[in-house]
Structure formats: C-alpha cells, structure tokens
Amino acid sequence: MKTNSEQVWISVEVHRPNSTAGYCGRCSAADYEAMVNGSYPLPFLTLQDVHWVESVWSEADGRHRLKSTVYGRDGKWKRNAGPVALRTEHIASIALLKDCSEMVRSAEQYLD
C-alpha cells in the first residue's frame, strides 16, 4: 500500500447535473489507489496544484491552441487559493498523468 506522503498526478472528470468538468492535480498515491479500488472512505477527494487544459481558437495564429489554466493564478480563479475538494460521488473517471509540475510552475498559458 502506498503512503500518504507519495503524490501522483491525476486527471478527474466530474459530472454534475447539466455540466461536466475535468480537473488535473496531485493527490496522495494512497488516495488514488483507494479511489480506483472503490475503497475510498471520504466524501471528498482533495487535489493540490489544480489546473485544466482546453482547446481555444487563436486569432493571431489562425489555429486552435492548447491553453492551461492554473487554479489560484489565472483568469477569474486567480484569487482562489489552496486545494480543491471534489465530491467523490460525482467523479466519473480518474486517470494517472505524467508529472505536470513544470506546466503548473510555468507562467506561459499556451502549450505547444
């Protein structure tokens, strides 16, 4: 079993009435394993370093570009701080990601 000090990067898709949202972030490896195994006992899963990626049209480039938004830094979320807690009953999918720390640290919002 993994310990709570080991962290993994994950992608989570959350379904709510009339909306779906995807979040990326870090959680403990133990929490991830428990979620995947169906034995996670808490009502909320907490993610650190939350961010998301979306495809946006760039008039300057005349093409779609991938844009990252970091919770607590970019756009209308820049005043928010701390982790995000997601209600587990609304999680539809969860997947491991490669290390996203460079993207979260970078001030550049567009990914190429």
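Conventions adopted
- Residues numbered from 1 in each chain as written.
- Predicted model: local features only at pLDDT ≥ 70, side-chain atom pairs only at ≥ 80, totals over all residues.
- Heavy atoms only, no water.
- Helix = DSSP H or I, 4+ residues; strand = E, 2+ residues; numbered from the N terminus.
- Contact = heavy atoms within 4.5 Å.
- Buried < 20%, exposed > 50% of the residue type's maximum accessible area, 1.4 Å probe, protein only.
- Core = buried A, V, L, I, M, F, W, Y, C linked by side-chain atoms within 4.5 Å.
- Salt bridge = Lys/Arg side-chain N within 4 Å of Asp/Glu carboxyl O.

How do you make sense of the environment of C27 when you look at a structure like this?
Residue position: C27 is located in strand β2 (residues 19-28). Distance from C27 to S5, taken between C-alpha atoms, is 9.4 Å for residues 22 residues apart in sequence. In contact with C27, other than residues within four places in its own chain, are E6, Q7, V8, I10, Y32, L45, T46 and L47.

Could you clarify how one ought to interpret helix α1 (residues 29-37) in this entry?
At 3.6 residues per turn, the α-helix brings residues three or four places apart onto the same side. Of all the positions in α1, only A29, A30, Y32, A34 and M35 are classed as buried. Elements in contact with the buried residues of α1: β1 (7-16), β2, β3 (44-58) and β6 (91-97).

Got a minute to help me understand the nonpolar core in this structure?
Considering soluble globular proteins, one finds that nonpolar side chains tend to be buried as a cluster. In this structure, I10, V12, Y23, C27, L45, L47 and L86 are the most contacted members of the largest nonpolar core, which totals 18 residues. For this core, the secondary structure elements donating two or more residues are β1, β2, α1, β3 and β5 (84-87). By size, the runner-up hydrophobic cluster in this structure holds five residues, among which are W9, V70, C100 and V104.

When you look at the environment of Q48 in this model, what are you seeing that I'm missing?
By the secondary structure assignment, Q48 is in strand β3. For Q48, a relative accessible area of 31% translates into the label partly exposed. As a C-alpha pair, Q48 and W9 span 39 residues in sequence and 9.2 Å in three-dimensional space. Setting aside anything within four residues of it in sequence, one finds Q48 in contact with G25, R26 and P83.

What is the right way to look at the pattern of salt bridges in this model?
Scanning all chains against the criterion turns up four salt bridges. Its salt-bridge partner being R63, residue D61 comes within 4.0 Å of it at the nearest N-O pair. The partly exposed category is assigned to R63, whose relative accessible area is 37%. One salt bridge in this structure joins D61 and R65, with 3.1 Å as the shortest N-O distance.

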